[in-house]
Amino acid sequence: MADSKREIERKYAATAATRLPDLSRVAGVFAVAHRGVTELDAVYYDTEDLRLAADSLTLRRRTGGSDAGWHLKFPVASGIRDELREPLCDALPRSFAGLLRSRVRDRTLVPVVRLVSARDVHHLLDAEGALLAEVSVDRVRAERLTGGGSTAAWTEIEAELADDGDPAFLDAVERRLRKAGIRPSASPSKLSRALAETAPKRKKARKKAREEAREEAPTGRRKSLAGKPRQKPTAGDHVLVYIRRQAEAIVALDPAVRRDLPDSVHQLRVATRRLRSALRTYRKILDRDVTDPVAAELKWLAAELGIERDQEVLDARLRSGLDALPRTLALGPVRGRLRIRSAARRNGSRRRIVALLDGKRYLDLLESLDALLAAPPLLPAASRAPERALPRAVLKEYGRLATRIGRALELPPGHERDLASHEARKAAKRVRYAAEAARPALGRPAKRFAKRMKTVQSLLGDHQDSVVAREALRTLAVQAHAAGEPAFTWGLLYGREEAAAAARERELPEVWERASRPELRAALGS
């Protein structure tokens, strides 16, 4: 696994004549240590169509300095990136290739820019000599390695926070720099500036034309003549914006899952489900002949991810139930058995998911999403006003939910009601996602409607989690009994889960009544 660190830095515009002010006057700084000038030589890699740069990712091989090697940076927020490092070698590290696969796929990574920098480094130290931040003056020369080999040169100042430092310290540094007339850079990174300043002339012209025509509808339509009012976004525009956002989330979350970051599998599954739900809900706007095969593959992906996620939820619920018991009621090696069960089920799960993300079927799905967004299969209803088309789709999903809720409430407690409640939960989630997709067009009514549907979904979800937990607890009790261990604790937890499920069933009529008030639906469709 590559070394990882959170990089928090800010960049400032400078010239060859720029001099750093006295930074020892920054609050908290006891001394400024000049560390001399370091020569850095970095080659940046990307696809020919600059897919990494488009998503603000940076991949480089750098020599010189204390951290020579391969560096891969993922954006977290403005001025904050996660930097992964691998030792210096000739070929791209295998771990980096995997982390980039959702964006690169079958494209080839090639050298695009070389940056040679003379870095004049200053360390800001506290009274104990600990590093607070590194401030450097970088004199940079950029060479384009594709498309003509043009060059550019500039000077900039970079302030990088020390590991585990307080980001507010950089505010104090910036105030001192501003007093000296030094302003933030317009470029977020050296690479972005290098790409912009060394771009072939025809690309610069096209970029300028795009900037002049920036006012456009979400699907990419621009106003045709200056002075004419921009065309109002249609229902199709809004749906495509939502679909594009979820597709981009899938690609962006892929590396997080590979890195085993907290909640990443869940978030990837949610994006997959939201996207599939939108394709199914807005069938009057997007042609089913095109979207149904994609939706089927999204269902497959969500199911595969669900194996891991459902196990995480179940493990957490069982642990929580056990933690809530008085210690005198935890008879036998219950915690050990729970750990063994969890470890056995998680063994190999991450390898299975990574293999899934490396597989052809998943990568083909990503290509299909790109193709769908590049040439969206819009139907005539897509050209309608969103205030007319979107509420109809949301309320149709609501009707399906109402039918399933009614069926669940009619059934006596037991297995059939559990199944009906689970189907109602899935329908509630679909209504919620439909309302969320419509929210930019419909505003507060859609937001309130989605919130109400989430309440119903959460209640039914807790009920379903109890059903699954009871099945696991019964299995644990059987295993404990066969091993000669007390099964009392597992039975006690089973009873508590049974009571919790019964409580959710009693709450459902009232929760559903509040969520399905006619005025909410009327406001949504007004």
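Here, the structure is the one placed above.
Computed from a predicted structure; not experimentally measured.

About the cut-offs
Residues numbered from 1 in each chain as written. Predicted model: local features only at pLDDT ≥ 70, side-chain atom pairs only at ≥ 80, totals over all residues. Heavy atoms only, no water. Helix = DSSP H or I, 4+ residues; strand = E, 2+ residues; numbered from the N terminus. Buried < 20%, exposed > 50% of the residue type's maximum accessible area, 1.4 Å probe, protein only. Contact = heavy atoms within 4.5 Å. Axes fitted to C-alpha atoms, helices over the stretch in contact; angles between N-to-C directions. Parallel < 35°, antiparallel > 145°, perpendicular 65-115°, else oblique. Left-handed = near helix turned anticlockwise from the far one by under 90°. Nonpolar A, V, L, I, M, F, W, Y, C, P; charged D, E, K, R; others polar. Core = buried A, V, L, I, M, F, W, Y, C linked by side-chain atoms within 4.5 Å. Pairing = 2+ DSSP bridges. Phe/Tyr/Trp six-rings, centres within 6.5 Å; stacked < 30°, edge-to-face > 60°. Expected span 1.5 Å × (residues − 1). Patch = residues over 30% accessible without salt bridge, like charges linked within 9 Å, V, L, I, M, F, W, Y side chains within 5 Å. Areas by Shrake-Rupley, 256 points an atom, 1.4 Å probe, with all protein chains shown as cover. Salt bridge = Lys/Arg side-chain N within 4 Å of Asp/Glu carboxyl O. Lys, Arg positive; Asp, Glu negative; His and termini not counted. Charge placed at Lys NZ, Arg CZ, Asp CG, Glu CD. Polar contact = N/O pair within 3.5 Å; in protein donor to acceptor, adjacent residues only side chain to side chain.

Chemist: Got a minute to help me understand the overall build of the protein in this structure?
Modeler: Check the secondary structure of the protein and you find 17 helices and 8 strands. With the C-alpha coordinates of the protein rotated into their principal frame, the extents come out at 80 × 65 × 45 Å. Classification of the 526 residues of the protein by burial places 45% in the buried group. For the protein, the proportion of contacts with a sequence separation of at least 24, taken over those separated by at least 6, is 71%.

Chemist: What exactly am I supposed to notice about unusual backbone geometry here?
Modeler: It is generally the case that most residues other than glycine have a negative phi and that most peptide bonds are trans. Despite not being glycine, Ser 56 has its phi angle at roughly 60°, a positive value. Ser 56 gets classed as partly exposed once you look at its relative accessible area, which sits at 44%. In the Ramachandran plot, Asp 260 falls in the positive-phi region, its phi being about 60° despite a non-glycine side chain. Inspection of the secondary structure assignment puts Asp 260 in the loop between helix 7 (235-258) and helix 8 (264-281).

Chemist: Even after reading the chapter, I still don't get the packing of helix 9 (residues 288-323) against helix 11 (residues 349-358), so can you show me in this structure?
Modeler: A packed helix pair is summarised by two numbers, namely the angle formed by the two axes and the spacing between the axes. One way to put it is that helix 9 packs onto helix 11 with a least axis distance of 10 Å and a crossing angle of 165°. As the angle between them shows, helix 9 and helix 11 are arranged roughly antiparallel. For the pair helix 9 and helix 11, the crossing hand works out as left-handed. Taking contact as the criterion, the partners of Trp 300, Leu 301, Glu 304, Leu 305, Ile 307 and Glu 308 in helix 9 are, on helix 11, Ser 349, Arg 352, Ile 353 and Leu 356. In terms of residue class, the contact of helix 9 with helix 11 is built from 6 nonpolar, 1 polar and 3 charged.

Chemist: Can you walk me through the environment of Gly 484 in this structure?
Modeler: The topology assignment puts Gly 484 in the loop between helix 15 (444-482) and helix 16 (488-515). Taking C-alpha positions, Gly 484 is 9.7 Å from Gly 332, a pair spaced 152 residues apart along the chain.

Chemist: Help me understand the nonpolar core, please; the structure alone is not making it clear to me.
Modeler: In a soluble, globular protein the nonpolar side chains are often hidden away together inside. Within the largest apolar cluster, 67 residues are counted, with the highest numbers of intra-cluster contacts made by Ile 250, Leu 279, Tyr 282, Leu 390 and Phe 449. Top contributing element to this core by residue count: helix 14 (residues 415-442), with 11 residues. Sequence-distant contacts of Leu 390, that is, excluding residues within four places in its chain, are made with Ala 235, His 238, Val 239, Tyr 282, Ile 285, Ala 438, Ala 441 and Leu 442. The next biggest cluster of nonpolar side chains, apart from the first, holds 19 residues, and it includes Ala 14, Val 26, Val 135 and Ala 159.

Chemist: How should I be thinking about the pairing of strand 2 (residues 31-46) in this particular structure?
Modeler: Within a regular strand, the side chains alternate between the two sheet faces. Inspection of the sheet shows strand 2 paired to strand 6 (residues 110-125) by 15 bridges, in the antiparallel sense. Note on strand 6: the bridge partner recorded for Tyr 44 is Val 113. Pairing geometry for strand 2 and strand 3 (residues 58-63), over 4 bridges, is antiparallel. From the neighbouring strand, Val 43 faces strand 3, where its bridge partner is Arg 61.

Chemist: How do you make sense of the environment of Lys 396 when you look at a structure like this?
Modeler: Within the fold, Lys 396 resides in helix 13 (residues 386-410). Considered as a pair, Lys 396 and Thr 281 are 115 residues apart in the sequence and their alpha carbons are 8.4 Å apart.

Chemist: Looking at this model, I keep getting lost on the packing of aromatic side chains. Mind explaining?
Modeler: The geometry of an aromatic ring pair comes down to the distance between the two centres and the angle between the two planes. For the structure on display, the rule yields 3 aromatic pairs. Between Tyr 398 and Trp 512 the ring centres are 5.6 Å apart and the planes differ by 20°, which places this aromatic pair in the stacked class. One end of the pair, Tyr 398, is in helix 13; the other, Trp 512, is in helix 16, and 114 residues separate them in sequence. Connected via pairs of aromatic rings, a cluster forms that spans Tyr 398, Phe 449 and Trp 512.

Chemist: Any chance you could explain helix 12 (residues 360-374) here in plain terms?
Modeler: Think of an α-helix as 3.6 residues a turn; residues three or four steps apart then line up on the same face. For helix 12, which comprises 15 residues, the first-to-last C-alpha distance of 21 Å matches the rise-based estimate of 21 Å (1.5 Å per residue) to within 8%. Of the positions making up helix 12, those classed as buried are Tyr 362, Leu 363, Leu 365, Leu 366, Leu 369, Leu 372 and Leu 373. Lining the buried residues of helix 12 we find helix 3 (101-104), helix 7, helix 8, helix 9 and helix 11.

Chemist: Is there a simple way to explain a positive patch on the surface in this structure?
Modeler: Taken together, the side chains of Lys 284, Arg 384, Arg 388, Arg 392 and Lys 396 present a region of like positive charge at the surface. Along the chain, the position of Arg 388 falls in helix 13.

Chemist: Would you mind showing me how to read the pattern of salt bridges here?
Modeler: As enumerated under the stated definition, the model contains 57 salt bridges in all. As a salt-bridge pair, Arg 10 and Asp 171 come within 2.6 Å of each other at their nearest N and O atoms. Taken together, the residues span a long stretch of sequence, with Arg 10 in strand 1 (residues 3-14) and Asp 171 in helix 4 (residues 168-179) at a distance of 161 residues. Note that Arg 337 and Glu 485 form a salt bridge whose closest N and O atoms lie 2.9 Å from each other. Taken together, the positions of Arg 337 in helix 10 (residues 334-346) and Glu 485 in the loop between helix 15 and helix 16 put the pair 148 residues apart, joining distant regions of the chain. Glu 485 gets classed as partly exposed once you look at its relative accessible area, which sits at 21%.

Chemist: Is there a simple way to think about the packing of helix 7 against helix 8 in this case?
Modeler: One can describe the packing of helix 7 onto helix 8 by two numbers: an axis separation of 9 Å at closest approach and a directional angle of 160°. One way to sum up the angle between helix 7 and helix 8 is to call them roughly antiparallel. Helix 8 is crossed by helix 7, and the crossing has left-handed handedness. Touching Tyr 242, Ile 243, Gln 246, Ala 247, Ala 249, Ile 250, Leu 253, Ala 256 and Val 257 of helix 7 are Ser 264, Val 265, Gln 267, Leu 268, Ala 271, Thr 272, Arg 274, Leu 275, Ala 278 and Leu 279, all from helix 8. Taken together, the residues of the contact of helix 7 with helix 8 sort by class into 14 nonpolar, 4 polar and 1 charged.

Chemist: Which parts of the structure should I look at to understand the side chain of Arg 81?
Modeler: For Arg 81, the location among the structural elements is in strand 5 (residues 80-86). Side chain to side chain, Arg 81 and Glu 9 meet in a polar contact 3.3 Å long. A distance of 3.4 Å separates a polar atom in the side chain of Arg 81 from a polar atom in the side chain of Thr 58. Leave out the neighbours within four places in its chain, and Arg 81 touches Lys 5, Arg 6, Glu 7, Glu 9, Thr 58, Lys 73, Phe 74, Pro 75, Val 76 and Ser 189.

Chemist: Would you mind showing me how to read the environment of Arg 280 here?
Modeler: Secondary-structure assignment places Arg 280 in helix 8. The spatial distance from the C-alpha of Arg 280 to the C-alpha of Glu 397 is 9.9 Å, given a sequence separation of 117 residues. In this view, Arg 280 contacts Glu 397 and Arg 430; residues no more than four positions away in its chain are not counted.

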